[in-house]
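One letter stands for each residue in the lines below.
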Amino acid sequence: MCSSDLKTVSFSPDGRWLLTAGGDGRATVWDASCGAISTTVRTENAALVDANLDGAAPRIATIGRDKRARLWTPSGEIIAEIGSGSLHPQACALSPMGKRLVVAVPGERPVIVATANGQRVAELDRTADWTGEPSLFSPCGRWLVLGSKQGLVVFRTATGQVAFEFPADAGLWEHAAFSSDGARFIAGDEEGGVSIAALDQTWHTIETSGHRRGVTSMEISLDARYGVSAGWDGTVRLWDMSSGEEHAALSLSPVGEAIDAAFFVERDTIITCPRDGRVLLLDWTTGEELSRLPLLSGLKTVAMSPDRKLFATARWDGVLQLWDIAASTEIARAAGEWSAISACRFGAGGDELLVLADGSAAWVWHFRRELATLITAREHPGAVAAAALS
C-alpha cells in the first residue's frame, strides 16, 4: 500500500491495462486482471496510457517537470520527445485508437505525433496560451478540442486547420463533450454559458444563455439529438443539439448547491446527482421523478457503465455500491478494503470498476466475479499531474 498521494490512474480503452503515476517520476502499467506489472518508466509527471484494440502492450505518453513530453514504447524506451524545455506542455492527449498523440505548449503551435514511430504528422494552425482543459479527441478521431485562456479551439486533425472556436469572453471553458459519431459538440464555461456546434456541411455554432452559474458536467445522448448539462445554479438543462433550443430546465437544488453530474440513461430519461447525496432517475420531458436510489449517506463520486444499465456510487464512509438502474436496486457492494474512495470508473467492457482509494492505492473491482484486485504503485511522494483516458 502506498503511503503517499496517488492521483493519476486510468484504464486503457480495452480495459486490459491500468496506469498509475506519482510525483516520484515513475509511471507504471499494470495488468488489470491480476495486478502484475507490465512496464515502469521513469519520468516526472505521468499523463496518459493507451493500448491497441487487440490488447497488445500499451504505449505511454508523459509530461515531465523538465517541461518535456515523451512517448514511450511498451518496453520503456523513449521514441519521441517534444518541448523546448522553456515552457511546460499543458495538454497531452491520445486519440481514441491510440495512433495519434497531441502535445500543446503555451505560445506554440500544438503538434500531432504518430505513436507508432514518434514522427510528427501535423502542426495545428493556432498559437494560444493553452491551459490543457479541456483537451479531447472526438470518438471518430477527426476532431480535436483544446482549451486556452483565449477560448476553446476545435481543429480538423487531418489538416491541422481550425474548424471553429469559442472565445473566452465570459470565462474559461471547463467542460466539453462530443457525440458518439463526432457530429455534435457541446461546451460549458465557468460562468454557466453553454455553446453547441453541429456538423452538417460545415460547422456552425449556437450560443445559449446556459446556467446562471458555472457548469459542472455535460453529456450528449447516444442518438446525438440532445445534450444535458448540470450546473452550480442547482439546475439540470436539456438542449436540442440541432437548434440549440433549451428543452427543459429542472430545478433540483438551491442556487449555489451544485448538481455534480447528469447522465443519459435512455432518450427521455436521465440520472442526476444533486450535491445533497440524492441520486434521481428523471423523465426530463415532464420533470417527473421516476425513482431514486436509497442511499444511506452522502455521495463522494459516481460512475455510469458503458451500456447505461449499471450505476456505481461511492459514499463518504467508503462503501461502494453497484445499482441496476432500471430496477433501482442494489446488485453488489464492496466495503472494508478501504476507508475512503476519491474516484471510480468503469472499464471498457463494463465488467469491472477502477477504484482510487485512500489517496494511495488503486483497486480493480471485478464485481461479477466478486473479486477485488489491489493495484498498488511504488511510493509516489509529491504532486501528481492529472491523467486522462483516450
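Not measured: the values here are computed from a predicted model.

1. Side note on the overall build of the chain
- For the chain, the count of helices and strands is 0 helices and 37 strands.
- Within the chain, the fraction of its 390 residues that count as buried is 56%.
- A sequence separation of at least 24 residues applies to 39% of the contacts in the chain between residues at least 6 apart.
- Carbon and sulfur atoms form 46% of the exposed surface of the chain, whose accessible area is close to 15700 Å².

2. Structural notes on the environment of Leu-172
- Residue placement: Leu-172 occurs in the loop between strand S16 (162-167) and strand S17 (173-178).
- As a C-alpha pair, Leu-172 and Glu-133 span 39 residues in sequence and 9.0 Å in three-dimensional space.
- Setting aside residues up to four positions removed in sequence, Leu-172 forms contacts with Ser-148, Lys-149, Asp-189 and Glu-190.

3. Quick notes on the pattern of salt bridges
- If you walk through the whole model with that rule in mind, you get 13 salt bridges.
- Note that Arg-70 and Glu-81 form a salt bridge whose closest N and O atoms lie 2.9 Å from each other. One end of the pair, Arg-70, is in strand S7 (residues 69-72); the other, Glu-81, is in strand S8 (residues 78-82), with 11 residues separating them in the sequence.
- Between Arg-237 and Asp-233 there is a salt bridge whose closest N-O contact spans 3.2 Å.
- On the basis of relative accessibility, which here comes to 0%, the residue Asp-233 falls in the buried class.
- A network of salt bridges, in which partner residues are shared, links Arg-109, Glu-123 and Asp-125.

4. Describing the sheet that holds strand S13 (residues 130-137)
- Here 4 strands make up an open sheet; going across it, the order is S13-S14-S15-S16 and the pairing antiparallel. Strands with a single pairing partner mark the edges of an open sheet, and in this sheet they are S13 and S16. Taken pair by pair, the neighbouring strands of this sheet meet at an average axis angle of 15 degrees, ignoring direction.

5. Side note on the pairing of strand S11 (residues 111-114)
- Residues Val-111 and Val-113 of S11 are buried on one face, and the alternating residues Ile-112 and Ala-114, pointing to the opposite face, are buried as well.
- Strand direction decides the pairing type here: strand S10 (residues 100-104) and S11, joined by 4 bridges, are antiparallel. Paired with Val-103 across the strands is Val-111, a residue of S11.
- Taken together, S10 and the strand that follows it, S11, pair antiparallel across an intervening segment of 6 residues, in which Gly-107 is found at a positive phi of about 80 degrees.
- Sheet analysis places S11 next to strand S12 (residues 120-123), joined by 3 bridges and oriented antiparallel. Note on S12: the bridge partner recorded for Val-113 is Arg-120.
- Between the antiparallel neighbours S11 and S12 lie 5 residues, among them Gly-118 with a positive phi of about 80 degrees.

6. Observations regarding the nonpolar core
- Ranked by size, the top nonpolar core spans 19 residues in total, and within it Leu-320, Leu-322, Trp-338, Phe-346, Leu-353, Val-355 and Trp-365 carry the most contacts.
- Of all the secondary structure elements, the ones that give two or more residues to this core are strand S30 (310-315), strand S31 (320-324), strand S32 (329-334), strand S33 (341-346), strand S34 (353-357) and strand S35 (361-366).

7. Remarks on the packing of aromatic side chains
- Within the structure shown, the criterion is met by 10 aromatic pairs.
- Here the aromatic rings of Phe-178 and Phe-185 are separated by 4.8 Å at their centres, their planes lie at 50 degrees, and the arrangement is tilted.
- With relative accessibility at 11%, the residue Phe-178 sits in the buried group.
- Summarising the aromatic geometry, the rings of Phe-346 and Phe-367 are spaced 6.2 Å apart at their centres and angled 85 degrees between planes, so their arrangement reads as edge-to-face. Within this pair, whereas Phe-346 is found in strand S33, its partner Phe-367 is found in the loop between S35 and strand S36 (371-375), the two being separated by 21 residues in sequence.
- A relative accessible area of 8% places Phe-367 in the buried class.
- Members of the aromatic cluster, connected to one another through ring pairs, are Phe-164, Phe-166, Trp-173, Phe-178 and Phe-185.

8. Some thoughts on the confidence of the model for the chain
- Taken residue by residue, the chain gives an average pLDDT of 79. The fraction at 70 or more is 82%.
- When the criterion is pLDDT under 50, residues 377-390 qualifies, and its contacts beyond four places in sequence or with other chains add up to 60 contacts.

9. Some thoughts on the side chain of His-211
- For His-211, the location among the structural elements is in the loop between strand S20 (203-208) and strand S21 (215-220).
- Side chain to side chain, His-211 and Ser-229 meet in a polar contact 2.7 Å long.
- Within polar-contact distance, the side chain of His-211 engages the side chain of Thr-235 at 3.1 Å.
- If sequence neighbours within four positions are ignored, His-211 has contacts with Glu-191, Gly-192, Val-194, Ser-229, Ala-230, Gly-231, Asp-233, Thr-235 and Arg-237.

10. Description of the sheet that holds strand S9 (residues 91-94)
- In space, the 4 strands of this open sheet follow the order S9-S10-S11-S12, with antiparallel pairing throughout. Of all strands in the sheet, those with a lone pairing partner are S9 and S12, marking the two edges. Within the sheet, the average angular offset between the axes of one strand and its neighbour, ignoring direction, is 20 degrees.

What counts, and at which threshold
- What you see as residue numbers is a count from 1 along each chain, following the sequence as written.
- pLDDT decides what is reported in this predicted model: residues at 70 or higher carry local features, side-chain atom pairs at 80 or more are listed and counted, and totals for whole chains, interfaces and linings draw on all residues regardless.
- The basis for every side-chain value is the complete set of non-hydrogen atoms in the structure, without hydrogens or water.
- A helix here means a DSSP run of H or I that spans at least four residues, while a strand means a run of E at least two residues long, and both kinds are numbered starting from the N terminus.
- Under the scheme applied here, a residue whose accessible area is under 20% of the maximum for its type counts as buried, over 50% as exposed, and between as partly exposed, the area being computed with a 1.4 Å probe on protein chains only.
- We call two residues in contact whenever any of their non-hydrogen atoms come within 4.5 Å of each other.
- The method behind every accessible area is Shrake-Rupley, applied with a 1.4 Å probe, and residues are considered shielded solely by the protein chains displayed.
- The salt bridge criterion pairs a side-chain nitrogen of Lys or Arg with a carboxyl oxygen of Asp or Glu, the two atoms within 4 Å.
- Any two strands with at least two DSSP bridges between them are considered paired.
- As a rule, the C-alpha atoms of each element are fitted with a line to give its axis, helices using only the stretch in contact, and angles between N-to-C directions run from 0 to 180 degrees.
- We call a set of buried residues a nonpolar core when its members are Ala, Val, Leu, Ile, Met, Phe, Trp, Tyr or Cys and they connect through side-chain atoms within 4.5 Å of each other.
- Only Phe, Tyr and Trp rings take part, Trp by its six-membered ring, and two of them pair if their centres are within 6.5 Å. Stacked means planes under 30 degrees apart, edge-to-face means over 60, and tilted covers everything else.
- A residue's pLDDT is the confidence the predictor assigns to it, expressed on a 0 to 100 scale.
- Within 3.5 Å is the distance limit for a polar contact, defined as a pair of N or O atoms, with the added protein rule that one can donate a hydrogen and the other accept it, and that residues adjacent in sequence qualify only through two side-chain atoms.

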